[in-house]
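Take a look at the letters that make up each chain.
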Amino acid sequence: MILSQLFRRYYRSILFALSLVVIENVAWIVEPTLFGNVIDAFIDKSVSQDSARFIVPLMIWIGVFLVNSGVGALRRAFDQKIYLTMFSHIAVQVAETGKERGETVSKTVARAELSREFINFFQYRFPEIMEQSIAIGGAVIALYFFDWRISLTCLFIVIPLLLITKLYTKKVMTLQTDLHDTKEEAFDVFSTQDADVIRKYYQRIAHNEKRIAYWGALNFGFIRICLLGIFLLVLYISIDLDDFTTGSIYSIVAYLWTFVTSTEYLPELLESSTSIREISRRLDVEGE
């Protein structure tokens, strides 16, 4: 039931779905460069007698845009078939394991529901991790071809990100453990039919979720401060130190914005992966 076991069981379908993620996002990451070329071609058209020069870059951009859109639509239609089947398998296995161990119905039901996070991870979070990785790495590589100083400036954010990520993961793992412990009591709590007991149950859940949210907010704020400095420095290099065309400036800003938005999304992805690791430990599937 851990990620590796699910992957081995459904690896062909998962690899197909993930290959669509890669194609979709590689097509997406080259779009700013191609659209920048379209902008420059249209500007050249306005001052040149050769009115057909813009057609080639325009058609290339349209082709890549259609690849991105078509593959994205195919992936979203195909995902449900894979991951609903996976969830049915894992829920049954959790129920059988709970019965064999003599665990309470409350704990078994709660763990079956928690196991849905494995499916959500494969269906949503892992593709998102791939998407953001392609976006960040692709943006850095693309910016290198405009000016190596811009690319290097973006890479400087990696060091503070690693430090805050290590602290964040440690704190959130503890909080996720407390949260999942509480959720396993849901059936027993509701069986009391006592409003005060139920109220205290949800207060405990809210308390842990708020603490997780506080750490996520702290991580997000730290990343945003770092990104502000990166953004200003890159704009200075792009506008004051280099003689870029209008299309190139558009492409640089688009890649920079991609880098910023993808990086600030990391705390949410980290929280999801931390929760998955805690659930894997909780279900004790490594030894099975």
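Here the structure is shown first, and the text comes after it.
Okay, so let's go over this structure. Nothing here was measured: the structure is a model prediction, and the numbers come from that model.

## Comments concerning the pattern of salt bridges
Stage number 1. The tally for this structure, following the rule as stated, stands at five salt bridges.
Stage number 2. The closest approach of N and O atoms between aspartate 196 and arginine 199, which form a salt bridge, is 2.6 Å. Of this pair, aspartate 196 and arginine 199 both sit in helix H9 (residues 195–241), three residues apart, roughly one helical turn.
Stage number 3. Three or more residues are tied together by salt bridges with common partners; here these are Glu24, Arg75, Arg76 and Glu131.

## Concerning the packing of aromatic side chains
Stage number 1. Throughout the structure, instances matching the rule amount to five aromatic pairs.
Stage number 2. Their ring planes at 55° and their centres at 5.0 Å tell us that phenylalanine 35 and tryptophan 61 sit as a pair that is tilted. Here phenylalanine 35 is found in helix H2 (residues 11–47), whereas its partner tryptophan 61 is found in helix H3 (residues 55–101), with 26 residues between them in sequence.
Stage number 3. Through successive ring pairs, a cluster of aromatic residues spans Phe35, Trp61, Phe65 and Tyr250.

## Details of the side chain of serine 151
Stage number 1. With respect to the secondary-structure elements, serine 151 resides in helix H6 (residues 148–155).
Stage number 2. For serine 151, the side chain forms a polar contact with the main-chain oxygen of valine 140, separated by 2.9 Å.
Stage number 3. In contact with serine 151, other than residues within four places in its own chain, are Val140, Leu143 and Tyr144.

Definitions and limits used
Residues numbered from 1 in each chain as written. Predicted model: local features only at pLDDT ≥ 70, side-chain atom pairs only at ≥ 80, totals over all residues. Heavy atoms only, no water. Salt bridge = Lys/Arg side-chain N within 4 Å of Asp/Glu carboxyl O. Helix = DSSP H or I, 4+ residues; strand = E, 2+ residues; numbered from the N terminus. Phe/Tyr/Trp six-rings, centres within 6.5 Å; stacked < 30°, edge-to-face > 60°. Polar contact = N/O pair within 3.5 Å; in protein donor to acceptor, adjacent residues only side chain to side chain. Contact = heavy atoms within 4.5 Å.

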